[in-house]
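What the coordinates show
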Amino acid sequence: MKKSSSAPEVAAAVVVAAPIKKVPVKKAVAKKAPRKIALKDSKKVPLAMTAKKIHTRDTGIKRNPLGHLLMEKMLREAGFHGEVSTAKELLDKYSTDESIFSIRPQVVIRPRHKSDVEVVVKTIGRETKRFSSLSLTPRAAGTGLGGGSLTDSIVVDMMHLNKMGDVTIKKDKAVFTCEPGLMWRDMEKELKKHDLYLPPYTASKDICTIGGAIGNNSAGPDSLRYGHCADWVESLDVVLKDGKSYTIKPLTLKEFQALIKQKHEHARIAQSIYELIVKNEVEIKRNKPKTKKNSSGYALWNVIPEGVVAFKKGKGVFDLTRIITGSQGTIGIVTNITMRALPIQKNTSLLMVPIFDLAEAADTIVKSLKYNPINVEIFDALTFDLALSNPDFFKQRLSGLMYYRVMLSMYTTYHVRFARKIPEFTVLITLDEETTQKKPAVEIAKEISTKSSKARVVTNQVEAEMYWQIRRASYTLSKFQDRNKRPAAFLEDMTVPPENLSKFFMQIKKLFKEFNVTAAVHGHGGNGHFHFYPLLDFTNKTTPALVEKMADAFFDTAVKFKGDICGEHNDGIIRTPYLHKMFSKKMLEIFKETEHLFDPDDIFNPGKKVNPRFDIRHNIRHTN
Ligand SMILES: Cc1cc2nc3c(=O)[nH]c(=O)nc-3n(C[C@H](O)[C@H](O)[C@H](O)COP(=O)(O)OP(=O)(O)OC[C@H]3O[C@@H](n4cnc5c(N)ncnc54)[C@H](O)[C@@H]3O)c2cc1C
């Protein structure tokens, strides 16, 4: 049974909480509905007897907290050691992430370790059969831009599962293990000790976790060459709907055959997904996104990459980690992660190309791709301008003398190198040593230059740092345009084949003009992947309708240029209702079936990726 979108039902059904004060019924609703307590099938539900209605003057209806206590008691008796809270400050905090939405959860649960997660899934999973609106939404650092970690039910904050495990280096492979709540920056520090890094690092690596990056199948600058997080997974420990942990990893035919003989959830799911792929292989292949980057849908096209016929003959693997990574917690909760890492790149060369004529951007970038760059990143004139006018911002990011040197480089570049004319785009291209040994960077720079865009090799480390500082701060800088508005994340993840980049961008510029909205732009040029952040006032009542209209028009444009509406930030609340623009009707049904095979009772993060249930207009935040 799918979850109903009636938030009051959720309010009535959520019965876990502490402290014991009266718990206000949620304010943000999934869809506008009369505020009432609607207990589902209450006769069968002994707990409901304790959820007595109490009418109060201020909030309408409040519930007797005894029900919450009972549920907490159930968790404790089952061996749960973590925290359970309905404290107002916590519910406020978890009502938002970096998206444009605001949805208030009922309860926050913080497991202490893996077995706590198992207890929560088992207990709440059992109760969802009686209270169908109960669900579990895993949350990591909450930096997601699509609303993936927001819910009107129970948030499971994974912050305490934050241990780094072993790093092992064998001849040609480095592998590390960690828990999902580990901050990316802490994992990075550990890897650095071994001269290693995880290539799909995100621009948010200082504020996000590795588990959230797995949840979203995140990517970053070096993904141009090295792909998404999913490409680096060795295995994942996942708590499935029966509340048990399973280690999920790529399986050879022999291993797959041995697995499906067993009698447990992992075996059942593996067998069912295999059958689903066999039945729909042609449709799945047809729907595989054409862009190199995508975190939309369930990546069924990567589960048996060699194809069913080859797999049956013993070639290739059956790999469920490909759909768990990027599933946004909709099919299970990840409790342990094993990934490969790569030696840190040394002696790289940076090329900088100032693009003054947009029509030439695609040409330069496509030419640079011939040299297999590690990354090709871009930021626009507005971003550079915001950096120039907000030097203080960099004070917190750069220490002492380095701050002054970087600022000096920024102003010299503007006044002298750019002769006070900021390029439409600044393009940064990183080449590895192997490439530049074959052909010197200076020659490559000459080759990719166009009539008005002259590429040059940046040899000065301070100048290089200056460009990367601006690129990495692009999103935060865009907040300085107008403090009474918010750079809104909803058009921020479109990607098109790089050869279509100039035409696509010109069309987008036109659309922004039509909607009379400004937007800073940055992104991963080599992937034709742009982050547009239109500046909107969320206190304005017309903004929700504008968001819907703009999303519709802009997403159509991305698809028109053979693009994707979701390169790396995943579907969340914002893109799930628009997946029909990218995928066939049948494919959307296959996605639904995939989710259902893992999660038939819809315990895990309902309303994301399939079966959208959060109305965009009604759940948009009202503050900037
Ligand atoms: C300034 C800025 C820059 C950014 N740059 C990038 C970028 O370069 N590339 C990029 O891809 N993204 C980027 N993002 C988006 C975001 O930071 C990333 O997607 C990040 O990886 C999310 O991590 P998190 O810890 O905040 O996860 P959250 O937002 O808390 O969660 C992300 C999703 O994963 C699910 N989840 C969390 N933990 C688990 C678990 N244990 N098991 C199952 N599911 C789970 C959640 O339910 C949610 O759906 C950026 C965001 C900001 C604010």
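No experiment lies behind these values; they were computed from the predicted model shown.

Digging into the overall build of the protein
When you go through the protein residue by residue, the secondary structure sums to 24 helices and 21 strands. Each of the 624 residues in the protein was classed as buried or not, and the buried ones make up 50%. The long-range fraction of contacts in the protein, counting pairs at least 24 apart against all pairs at least 6 apart in sequence, stands at 75%.

Observations regarding the sheet that holds strand 7 (residues 154-157)
Taken in spatial order, the 4 strands make up an open sheet running 4-5-7-6, and their pairing is mixed. Two strands bound the open sheet, and with one partner strand each, they are strand 4 (83-85) and strand 6 (136-139). Sheet twist, expressed as the mean angle between neighbouring strand axes with direction ignored, is 20°. Two strands pair when backbone bridges link them, and strand 4 and strand 5 (residues 107-110) are joined in this way by 3 bridges, in the antiparallel orientation. Bridging from a neighbouring strand, Glu83 pairs with Arg110 of strand 5.

Details of the site of the ligand
Taken together, 36 residues surround the ligand, and among them Gly144, Gly148, Gly212, Gly215 and Gly329 come closest. Listing elements by their share of the shell around the ligand, those giving two or more residues are strand 6, helix 6 (210-216) and strand 13 (333-343). Counting residues per element, the shell around the ligand draws most heavily on helix 6, at 5 residues. Classifying every residue of the shell around the ligand by side-chain character gives 13 nonpolar, 19 polar and 4 charged.

Section: helix 13 (residues 381-389)
Those residues of helix 13 lying buried are Leu382, Thr383, Phe384, Leu386 and Ala387. Buried residues belonging to helix 13 abut strand 15 (375-380), helix 15 (400-417), strand 16 (425-431), helix 18 (461-472), helix 19 (474-478) and strand 20 (519-524).

What to know about the nonpolar core
In this structure, Val120 and Val238 are the most contacted members of the largest nonpolar core, which totals 76 residues. Residues from two domains meet in this core; each of domain 1 (7-159) and domain 2 (164-343) gives at least three. Other than its neighbours up to four places away in sequence, Val238 contacts Ser245, Tyr246, Ile248, Ile324, Gly332, Ile333 and Val334. Core analysis: the next-biggest nonpolar cluster, separate from the first, contains 72 residues, Phe101, Val353, Ile378 and Leu491 among them.

Here's the deal with the packing of helix 9 (residues 265-286) against helix 23 (residues 585-598)
Between two packed helices, both the angle of their axes relative to each other and the distance between the axes serve to describe the pair. Remark: helix 9 packs on helix 23, axes separated minimally by 10 Å, with the N-to-C direction vectors making an angle of 175°. One way to sum up the angle between helix 9 and helix 23 is to call them roughly antiparallel. Contacts from Ile269, Ser272, Ile273, Leu276, Asn280, Glu283 and Ile284 of helix 9 reach helix 23 at Lys586, Met587, Ile590, Glu593, Thr594, Leu597 and Phe598. Taken together, the residues of the contact of helix 9 with helix 23 break down into 8 nonpolar, 3 polar and 3 charged.

Examining the environment of His194
By the secondary structure assignment, His194 is in the loop between helix 5 (184-192) and strand 10 (196-197). Placed 148 residues apart in sequence, His194 and Leu342 show a C-alpha to C-alpha distance of 9.9 Å.

With respect to the packing of helix 8 (residues 253-260) against helix 9
With their axes 8 Å apart at the nearest point, helix 8 and helix 9 run at an angle of 120° to one another. When the interaxial angle is binned, helix 8 and helix 9 end up oblique. Of the two elements, helix 8 crosses helix 9, and the hand of that crossing is left-handed. Contacts between helix 8 and helix 9 involve Phe256, Leu259 and Ile260 on the former and, on the latter, His266, Ala267, Ala270 and Gln271. For the contact of helix 8 with helix 9, the residue count by class is 5 nonpolar, 2 polar and no charged.

Considering the pairing of strand 19 (residues 491-495)
Extensive coverage of strand 19 is indicated by the burial of 5 of its 5 residues. With 3 bridges joining them, strand 19 and strand 21 (residues 529-536) adopt antiparallel strand pairing. Bridge pairing in strand 21 links Met494 to Phe530.

Side note on unusual backbone geometry
The backbone of Gln328 shows a phi angle near 55°, a positive value even though the residue is not glycine. Note that Gln328 resides in the loop between helix 11 (321-324) and strand 13. One non-glycine residue, Asn570, lies in the positive phi region at around 75°. You can see Asn570 is positioned in the loop between helix 21 (543-560) and helix 22 (572-575).

Considerations on the environment of Asp432
Here Asp432 lies in the loop between strand 16 and helix 16 (433-438). When the C-alpha positions of Asp432 and Thr348 are compared, they lie 4.6 Å apart, and in sequence the two are 84 residues distant. Setting aside residues up to four positions removed in sequence, Asp432 forms contacts with Gln345, Thr348 and Ile374.

Notes on the confidence of the model for the protein
In the predicted model, the protein carries a mean pLDDT of 89, and the fraction of residues at 70 or more is 89%. When the criterion is pLDDT under 50, residues 4-67 qualifies, and its contacts beyond four places in sequence or with other chains add up to 139 contacts.

Topic: the pairing of strand 21
Of all 8 residues making up strand 21, 7 are buried, and the element is well covered by its neighbours. As paired strands, strand 18 (residues 486-487) and strand 21 are joined by 2 bridges and run antiparallel to one another. Along strand 21, the bridge assignment pairs Arg486 with Leu536. Bridge count for strand 20 against strand 21 is 6 bridges, and the pairing is antiparallel. Across the sheet, the residue bridging to His522 is His531, located in strand 21. In textbook terms, the turn of a hairpin is the stretch between consecutive antiparallel strands, and for strand 20 and strand 21 this stretch comprises 4 residues, one of which, Gly528, has a positive phi near 55°.

Quick word on the environment of Thr539
As for its placement among the helices and strands, Thr539 is situated in the loop between strand 21 and helix 21. The spacing of Thr539 and Arg621 is 82 residues in sequence and 8.3 Å in space, taken between C-alpha atoms. Residues in contact with Thr539, not counting those within four places in the same chain, are His622, Thr623 and Asn624.

About the cut-offs
Residues numbered from 1 in each chain as written. Predicted model: local features only at pLDDT ≥ 70, side-chain atom pairs only at ≥ 80, totals over all residues. Helix = DSSP H or I, 4+ residues; strand = E, 2+ residues; numbered from the N terminus. Buried ≥ 20, exposed ≤ 12 C-beta atoms within 10 Å, placed from the backbone. Contact = placed C-beta atoms within 7 Å. Pairing = 2+ DSSP bridges. Axes fitted to C-alpha atoms, helices over the stretch in contact; angles between N-to-C directions. Near = placed C-beta within 6 Å. Nonpolar A, V, L, I, M, F, W, Y, C, P; charged D, E, K, R; others polar. Core = buried A, V, L, I, M, F, W, Y, C linked by C-beta atoms within 7 Å. Domains from an automatic or database assignment. Parallel < 35°, antiparallel > 145°, perpendicular 65-115°, else oblique. Left-handed = near helix turned anticlockwise from the far one by under 90°. pLDDT = per-residue confidence, 0-100.

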